[in-house]
Amino acid sequence: MRKKLCIGIAYDVKEDYDISAKGFKYCDFSTLSEINGIKRALEQRGHTVFLLGNYSKINAMLMGKTFPEIDIVLNTAEGIISRNREGWLPSLFEINHIPYTGSDAYTLSLTLNKCHTKIMAKHLGIPTALFRQIRSPDDLKGIAADVPSPWIIKPNYEGTSSGVRYVESLHELEKAADDLLTEYRQPLLCEAYIPGREFVTSILYDEEKARCIGTVEIVRKDGRDIHVFSSEDKLSETCTKIPANLPAGLLHDMERDALLLHRFLECRDYCRADFRVNRNGEYYLLEMTPLPTLDPDSGFGKCCAYAGLDMGYVYEEILYN
């Protein structure tokens, strides 16, 4: 029988960064409701749970020698602004010999870089849209010859669709690139837009034990196609997730490639892969997210639900893994 654990939950909420709850510039945050839901689910299973907070709070605890006696940290914190932000806490925990869930600092920093992730996917033969990294307006020269329009352009190190723009003309692209380079002060990913449908594949465990627990499609509640899955969509209730309705061979290949990249990037414990499927039934990897939100209504949570997995059980599997 598995022993009951003393668990600390690391998390980021907007309130700790003086960021408006209504803004969409930075969106990789949990809510206190989501974190308290995880806490309740674990306590109902007999575990002891501490809410630790973000990097600043945890670092202060360690420096002041007030960090609680725990068995492991359930890490959901993603940091802010830095391209290494998702690796802050894993690095801090490793330095202090504190066990934690999820991928390590290297994998988290690598996958946060959308361009590098796509390069890894191409190396493995996983389909991904044509793209170019934009560091300055000069990088847009000749782009139409390499990356066909229309385009999706977005910050290279952000998540939850922060800053994502859809553009059709070179003039629109130049304007969007200028705006995003000024606002986010980081390189941009410009890729060919894939018209079609949006899917999320979720994975539990790692290495040879890793397995896909399911795939869901993200659809609008009013029946319209998802043209671009924006931050506003992700943080509102305009969309829902349904079990993926795809040909068996296509679904098998998509989930196989998600597992292949999960193992190659050395993702740990759990992960989410995002795909688009075009009207010809061809799939393209969008992003790999080894630190997905664990909320029951998230893409990861819905994959669990449709697989018949209680989220309390899933949290435990992540911790014990």
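Since this is a predicted model, take the numbers as computed values, not measurements.

1. Here we look at the packing of aromatic side chains
A full pass over the atoms with the stated rule returns five aromatic pairs. Ring plane angle 35° and centroid distance 5.9 Å describe the contact between F93 and Y100, whose orientation is recorded as tilted. The exposure class assigned to F93 is buried, which follows from its relative accessible area of 0%. You can call Y100 buried: its relative accessible area is 16%. For the cation-ring pair, K209 lies above Y205, with the distance from its terminal atom to the ring centre recorded as 4.4 Å.

2. Re the sheet that holds strand β1 (residues 6-10)
Strand order across the open sheet formed by three strands is β2-β1-β3, with parallel pairing between neighbours. For this open sheet the edge positions go to β2 (48-53) and β3 (72-75), each flanked by a neighbour on one side alone. Neighbour-to-neighbour, the strand axes of the sheet open up by a mean angle of 30°, direction not taken into account. Seen against the sheet, helix α2 (residues 55-63) touches β1 and β2 and runs at an angle of roughly 105° to β2.

3. Here's the deal with the packing of helix α1 (residues 32-44) against helix α11 (residues 311-320)
Orientation of α1 relative to α11, taken along the N-to-C sense of each, is 85°, at an axis distance of 9 Å. Of the possible angle classes, the one that applies to α1 and α11 is roughly perpendicular. Where α1 approaches α11, its residues I38, A41 and L42 are matched on the opposing element by G312, Y315, E316 and L319. Within the contact of α1 with α11, the residues separate by chemical class into five nonpolar, one polar and one charged.

4. Examining the pattern of salt bridges
Counted under the stated rule, the structure contains 20 salt bridges. In this structure, D138 and K141 form a salt bridge, with 3.7 Å as the shortest nitrogen-oxygen distance. Residue K141 is classed as exposed on the basis of its relative accessible area, which comes to 61%. Across the pair R256 and D257 runs a salt bridge, and its minimum N-O distance is 3.2 Å. Its relative accessible area of 5% is what places D257 among the buried residues. Beyond isolated ion pairs, a larger network of salt bridges with shared partners links K114, K118, K154, E191 and E287.

5. Digging into the sheet that holds strand β11 (residues 270-277)
Spatially, the five strands line up as an open sheet ordered β10-β9-β8-β11-β12, and their pairing is antiparallel. Taken across any chain shown, the strands that pair with only one partner, and hence form the sheet edges, are β10 (239-243) and β12 (283-289). Each strand of the sheet is rotated relative to its neighbour by a mean of 30°, with strand direction disregarded. Note: strand β8 (residues 197-204) against β11, eight bridges, orientation antiparallel. When the sheet's bridge partners are listed, S202 is paired in β11 with R272.

6. Quick word on the environment of S149
By secondary structure assignment, the location of S149 is in the loop between α6 (143-146) and β5 (151-155). By relative accessible area, S149 is classed as partly exposed at 44%.

7. So, the nonpolar core
With 33 residues, the main nonpolar core has I38, L42, L74, L204, L294 and F300 as its most contacted residues. Counting only elements with at least two residues in this core, the list comes to β1, α1, β3, β8, β9 (211-220), α10 (299-306) and α11. Leave out the neighbours within four places in its chain, and L204 touches K209, A210, R211, I213, D269, Y270, F300, L309, V314 and I318. Listed in part, the 24 residues of the second largest apolar core include F199, A210, C212 and C271.

What counts, and at which threshold
- Residues numbered from 1 in each chain as written.
- Predicted model: local features only at pLDDT ≥ 70, side-chain atom pairs only at ≥ 80, totals over all residues.
- Heavy atoms only, no water.
- Phe/Tyr/Trp six-rings, centres within 6.5 Å; stacked < 30°, edge-to-face > 60°.
- Buried < 20%, exposed > 50% of the residue type's maximum accessible area, 1.4 Å probe, protein only.
- Lys NZ or Arg CZ within 6 Å of the ring centre and 35° of its normal.
- Pairing = 2+ DSSP bridges.
- Helix = DSSP H or I, 4+ residues; strand = E, 2+ residues; numbered from the N terminus.
- Axes fitted to C-alpha atoms, helices over the stretch in contact; angles between N-to-C directions.
- Contact = heavy atoms within 4.5 Å.
- Parallel < 35°, antiparallel > 145°, perpendicular 65-115°, else oblique.
- Nonpolar A, V, L, I, M, F, W, Y, C, P; charged D, E, K, R; others polar.
- Salt bridge = Lys/Arg side-chain N within 4 Å of Asp/Glu carboxyl O.
- Core = buried A, V, L, I, M, F, W, Y, C linked by side-chain atoms within 4.5 Å.

All we've got here are geometric facts, nothing functional implied.
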